[in-house]
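Chain residues, written in single-letter form:
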Amino acid sequence: MTQAAYDSVRAHSEETYPYECCGALVGKSTPQGWRVTGAMRAGNTRTDSAHNRYSIAPLELVRIEREARRQGLDIAGFYHSHPDHPAQWSGTDFAEAHWLGCSYVITEVAQGKAIVTNSFLLTGLTEEEKHFVQEQILLED
Ligand SMILES: [Zn+2]
């Protein structure tokens, strides 16, 4: 992951505190995993419970996909924040994760400050056998 994409994810999570932020990660697939070169912000449509839920509107996702393709990139994953909660996936996060092979990045924000950022790869070939595997985030310039 580029330092710029990483910083953008964390800055976004601080800006929306105490609500969750969300967005998509774009990049290229490599044998070592996703090389994420960009973070695209999305509005959180879950206004009913924006402090512990997130959702990207379908139309916004289409816009993000189109923009990624224009840059010759793929959707590598998604990110969101956990205000005052650990950077671990929740049952809801797992239930609503459907992009097999994509990375789900979660940032813990404590009192407005981004603390821990973790990444979980959604593995498995079908929705029934999917599971999250924590992966290391390597930063590059
Ligand atoms: Zn979550």
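Calculation notes
Residues numbered from 1 in each chain as written. Predicted model: local features only at pLDDT ≥ 70, side-chain atom pairs only at ≥ 80, totals over all residues. Heavy atoms only, no water. 1 Å grid on protein atoms, 1.4 Å probe; cavity = no way out; pocket = protein on both sides within 12 Å on 5 of 7 lines; lining within 4 Å. Points joined across faces, edges and corners; volume = space filled by probe spheres on them. Helix = DSSP H or I, 4+ residues; strand = E, 2+ residues; numbered from the N terminus. Nonpolar A, V, L, I, M, F, W, Y, C, P; charged D, E, K, R; others polar. Pairing = 2+ DSSP bridges.

## Structural notes on the layout of surface pockets
Argument step 1. Space inside the largest pocket adds up to approximately 380 Å³.
Argument step 2. Taken together, 17 residues line the largest pocket, and the ones lying closest to its centre are Met1, Gln32, Trp34, Gln136 and Leu138.
Argument step 3. Going through the elements one at a time, strand E1 (22–30), strand E2 (33–42) and strand E4 (103–110) are the ones with two or more residues in the lining of the largest pocket.
Argument step 4. The element best represented in the lining of the largest pocket is E2, accounting for four residues.
Argument step 5. Its residues assigned to classes, the lining of the largest pocket comprises eight nonpolar, six polar and three charged.
Argument step 6. If you add up the space inside the second largest pocket, you get close to 230 Å³.
Argument step 7. If you go around the second largest pocket, the residues you meet are Tyr54, Ser55, Ile56, Leu61, Phe78, Glu96, Ala97, His98, Trp99 and Tyr104.

## Some remarks on the pairing of strand E5 (residues 113–123)
Where a strand is regular, its side chains alternate between the two sheet faces.
Argument step 1. When E4 meets E5, the two strands line up antiparallel, connected through seven bridges. Counterpart to isoleucine 106 in the pairing with E5 is asparagine 118.
Argument step 2. Taken together, E4 and the strand that follows it, E5, pair antiparallel across an intervening segment of two residues, in which glutamine 111 is found at a positive phi of about 50°.
Argument step 3. As judged from the five bridges shared by E5 and strand E6 (residues 131–135), these two strands associate in the antiparallel manner. Within the sheet, the bridge partner assigned to leucine 122 lies in E6 and is phenylalanine 132.

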